[in-house]
Amino acid sequence: MSIQRTTTTAQTGLVSVVLKNLSKKVKKKMERMQLLEDLFHAYYDARKNKRNTINQLRFEVNMEQELFALCDDLLDSSYVIRPSICFIVNVPVKREIFAADFRDRVVHHLLFNYINPVFELSFIKDSYSCRKGKGTQYGIARINSFIRACSENYTKDCYILKLDIQGYFMSINKEILLKSIYSLLERKAEYYSYKQEPDWEMVDNLLRQVVMHDSTKNCKVRGQMSEWEGLSHSKSLFCSPNNCGLPIGNLTSQLFSNVYLNSFDHYMKDTLKLDYYGRYVDDFIVIHESKEYLKDVKENVNDFFTKRLHLQLHPRKMFLQHYAKGVAFLGTYIKPNRIYIGNRTKNNFFRTVQETDNLLSNTEVSKTLLFKVRASINSYLGIMRHYNTYKLRKKILLSGKHQFFQYGFLSNRLKKYQISKRHLCFHVERFMFIFS
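Description of the structure in this document. Note that the structure is a prediction, hence the values are computed from the model and not measured. (Residues numbered from 1 in each chain as written. Predicted model: local features only at pLDDT ≥ 70, side-chain atom pairs only at ≥ 80, totals over all residues. Heavy atoms only, no water.)

**Let's talk about the packing of helix H3 (residues 63-75) against helix H4 (residues 102-120)**
Here is step 1 of the chain: Running from N to C, H3 and H4 point in directions that differ by 60°, and their axes come no closer than 11 Å. The orientation of H3 with respect to H4, classified from their angle, is oblique. As H3 packs across H4, the resulting crossing turns out to be right-handed. Only Arg103, Val106, Val107 and Leu110 of H4 make contact with H3, whose side of the interface consists of Glu66, Leu67, Ala69, Leu70, Asp73 and Leu74.
Here is step 2 of the chain: Across the contact of H3 with H4, the residue classes tally to seven nonpolar, no polar and three charged. (Axes fitted to C-alpha atoms, helices over the stretch in contact; angles between N-to-C directions. Helix = DSSP H or I, 4+ residues; strand = E, 2+ residues; numbered from the N terminus. Parallel < 35°, antiparallel > 145°, perpendicular 65-115°, else oblique. Left-handed = near helix turned anticlockwise from the far one by under 90°. Contact = heavy atoms within 4.5 Å. Nonpolar A, V, L, I, M, F, W, Y, C, P; charged D, E, K, R; others polar.)

**Observations regarding a nonpolar patch on the surface**
Here is step 1 of the chain: A cluster of nonpolar side chains, namely Val221, Met225 and Phe238, defines an oily patch on the protein surface of about 270 Å² accessible area.
Here is step 2 of the chain: Assignment of secondary structure puts Val221 in strand E4 (residues 220-221).
Here is step 3 of the chain: Look at Val221 and you get partly exposed, because its relative accessible area is 37%. (Patch = residues over 30% accessible without salt bridge, like charges linked within 9 Å, V, L, I, M, F, W, Y side chains within 5 Å. Areas by Shrake-Rupley, 256 points an atom, 1.4 Å probe, with all protein chains shown as cover. Salt bridge = Lys/Arg side-chain N within 4 Å of Asp/Glu carboxyl O. Buried < 20%, exposed > 50% of the residue type's maximum accessible area, 1.4 Å probe, protein only.)

**Notes on helix H15 (residues 390-398)**
An α-helical turn contains 3.6 residues, so a residue and the one three or four places further along point in the same direction.
Here is step 1 of the chain: Within H15, the full set of buried residues consists of Leu392, Arg393, Ile396 and Leu397. Down the axis of H15, the buried set is contained in an arc of 110°. They therefore lie on one face. Turned more than 90 degrees off the buried face of H15, the exposed positions are Lys391 and Lys395.
Here is step 2 of the chain: In this fold, the buried residues of H15 make contact with strand E10 (338-341), helix H13 (343-362), helix H14 (367-384) and strand E11 (408-411).
Here is step 3 of the chain: With its phi angle positive at about 85°, Gly400 sits one or two positions after the end of H15. (Arc of directions from axis to C-beta.)

**Quick notes on unusual backbone geometry**
Here is step 1 of the chain: Although it is not a glycine, Asn218 sits at a positive phi angle of roughly 60°.
Here is step 2 of the chain: For Leu330, which is not a glycine, the phi torsion comes out positive at approximately 55°.
Here is step 3 of the chain: One can find Leu330 in the loop between strand E8 (327-329) and strand E9 (332-335).

**A word on the nonpolar core**
Here is step 1 of the chain: By size, the foremost hydrophobic cluster in this structure holds 80 residues, and its most contacted members are Val106, Ile115, Phe256, Phe264, Met268 and Phe305.
Here is step 2 of the chain: Among the elements that make up this core, the one with the highest residue count is H4 (10 residues).
Here is step 3 of the chain: Setting aside anything within four residues of it in sequence, one finds Phe305 in contact with Ile165, Leu261, Phe264, Phe284, His310, Leu311 and Leu313.
Here is step 4 of the chain: Counting 38 residues, the second-largest nonpolar core is a separate cluster that includes Phe146, Val353, Ile377 and Leu414. (Core = buried A, V, L, I, M, F, W, Y, C linked by side-chain atoms within 4.5 Å.)

In structure tokens:
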């Protein structure tokens, strides 16, 4: 009897070990399948507006193979960030850009999809950049409503304080940033209590890699080093202090820029009790009835940045004036009862119209070219239609004989350019004739 009982106990133990090992394999397989699904979502997010880049096309040729290999690298912690491409852009202003490899962009979107919903629980309403449902138009509308509310519909005095951070992205301290990230991630249970949680060990590994990665090491410089002449040291990662700076151009950098200033946002809203405060990246505005109070706010902001975030206010970008004089914000100029488009956008639109005329005059007109012209003109009209720009649109579009009017027309009070159907049909017939 005892021998039989011992045998039965041994068999039961063996079965439990087999089941335990089997459950581990099933769990790993399910985790791999979930990660693959998340990577495919991240890939489709990453390729938006990047379909024509060589890096993306190279990845797309073997898309499934690349994603499966990336999945394996993430699961066994062998993922390594590849070298970035560094170059200078001059429009709208001179900036240094580090473009990550497309494979790393997919990882950035994967990380964003995992942690951004948790961060959103802590962000204030009036942080406008890199957030779904917000953005420049939302920020402009909020600041406009703040001015109207503070001045009681433009019947009382109020003042606008606008400040900027000097070399913001290059001054972000990575150690402080990591502490802020993990502080916000303490609320992850609130979001994932009813959702499938990611592998937090993998997320932790990715966070440390992405944040602490030095993009200046092994980067591929595109163009001549002479292009860096005239670029301020506060705007270059090559001149950043040790263990500081995030590359402009990465999705994670935009997200982390909000995380880094989140404590400052709450300081302005909760400690200083400022009702009329809004921020877009490093550009922020405070509105108050007292000019002297706003001067004190500036000093408090300066102390907070110096002691807690190791940042500095830009000495040449401080604005404090009566609301009646207006304020420039996010490419517009906000004045009582009206919002004008900024001079930079105005000049760029005028230049685009001229370039379009030259292109249609000196190039064989095709369906593809007409679509390009339509997209170029409507991109500006789409922005300008939200503001008081009817006279400006009329002046730029209806002064002189523009070439694009031979192929299309303006509709809905100069809000949209449309191509005539007869021209589209003509080019379609011509295309079919050539290849028939």
